[in-house]
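# Reading the structure
Spelled out from the first residue to the last, the chains are:
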Amino acid sequence: HVETLENPANDAKAMEEKLRALGFDVYAGTDLSLADFRQLSGRFQEEAKSASAALIYYSGHGFQFQGQNFVVPIDASLKSKEAIETETIKLNDLIANVQSRDRQVLVFLDACRNNPLPAAQRKDNGLAQVATDNNVFVAFATQPGNISYDGRSNLSPFTKSLLDYMSGERQSISDLMIAVRNNVEKMTLGQQTPWDQSSLKKQFYFNPGAAGASG
């Protein structure tokens, strides 16, 4: 019911392969309906109970409305304000469902390539800052309120940059995002700047190597 995006399925599949290679148990889905999205997130939520770290990656349509961020299943029509609550997934709910004092939660949002809401319902572009508890890291494909790019290749600039740098040995997530940010700015000629916010209580390493950090 909204504009088709070329790269999200490619992004998701490539990220799935990368995370499996890095040792993650992955619960993946592409082109999900609302029911399928809820079923998948329920499985993920249950399995995350025993995890020291949980990662949420989303590529596709996303938007903010009244200060909340929403991601869009393929069967959402978004023809009214009321439909936003009943046809989409609230990002804060996805995060809250896996939050724990002793678990690091990492969120990567390659969304907001455009605003899928009807023109009469649009107020702010992009995504809003996320209100979270402790031990959560959130990375946005671009700065709050801005539109990101789908990309001219088969991957978006943000996801491609993540994939290029995630395997760096002994690289903290903070250093990863600096590398990603610089690369995305270069790829988009300065028009897109990845953004992050963190309340992590210790550094996270996708590839700790000799550093011995948990990942």
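So, a few notes on the structure that sits alongside this text. (Residues numbered from 1 in each chain as written. Predicted model: local features only at pLDDT ≥ 70, side-chain atom pairs only at ≥ 80, totals over all residues. Heavy atoms only, no water.)

## Quick notes on the layout of surface pockets
- The calculated volume of the largest pocket comes to roughly 1300 Å³.
- Lining the largest pocket are 50 residues, with Tyr27, Gly29, Leu40, Tyr57 and Tyr58 positioned closest to its centre.
- Elements with a contribution of two residues or more to the lining of the largest pocket: α1 (8–21), α2 (34–48) and β1 (53–59).
- Class assignment of the residues belonging to the lining of the largest pocket gives a composition of 31 nonpolar, 13 polar and six charged. (1 Å grid on protein atoms, 1.4 Å probe; cavity = no way out; pocket = protein on both sides within 12 Å on 5 of 7 lines; lining within 4 Å. Points joined across faces, edges and corners; volume = space filled by probe spheres on them. Helix = DSSP H or I, 4+ residues; strand = E, 2+ residues; numbered from the N terminus. Nonpolar A, V, L, I, M, F, W, Y, C, P; charged D, E, K, R; others polar.)

## Quick notes on the pairing of strand β3 (residues 68–71)
- Judged from the four bridges that link them, strand β2 (residues 62–65) and β3 form a sheet pairing that is antiparallel. Opposite glycine 62, over in β3, you have valine 71 as the bridge partner.
- What sits between β2 and β3 in their antiparallel hairpin is a turn of two residues, with glutamine 66 showing a positive phi close to 55°.
- Bridge count between β3 and strand β4 (residues 89–90): two bridges; the pairing is antiparallel. (Pairing = 2+ DSSP bridges.)

## Focus: the sheet that holds strand β5 (residues 104–110)
- Read across the sheet, four strands follow the order β1-β5-β6-β7 without closing on themselves; strand pairing throughout is mixed. Two strands bound the open sheet, and with one partner strand each, they are β1 and β7 (195–198). Neighbour-to-neighbour, the strand axes of this sheet turn through a mean angle of 10°, independent of strand direction.
- The pairing of β1 with β5 spans seven bridges and is classified as parallel. Across the sheet, residue serine 59 finds its bridge partner in β5, namely aspartate 110.
- Together, β1, β5 and β6 (136–140) form the strand contacts of helix α5 (residues 157–165), whose direction differs from that of β5 by roughly 135°.
- Contacting β5, β6 and β7, helix α6 (residues 173–187) runs over the sheet at an angle of about 165° to β7. (Axes fitted to C-alpha atoms, helices over the stretch in contact; angles between N-to-C directions. Contact = heavy atoms within 4.5 Å.)

## Regarding unusual backbone geometry
- A positive phi angle, near 60°, is found at arginine 170, a position not held by glycine.
- Notably, leucine 189 is not glycine yet its phi reads approximately 55°, a positive angle.
- When you line up the elements, leucine 189 lands in the loop between α6 and β7.

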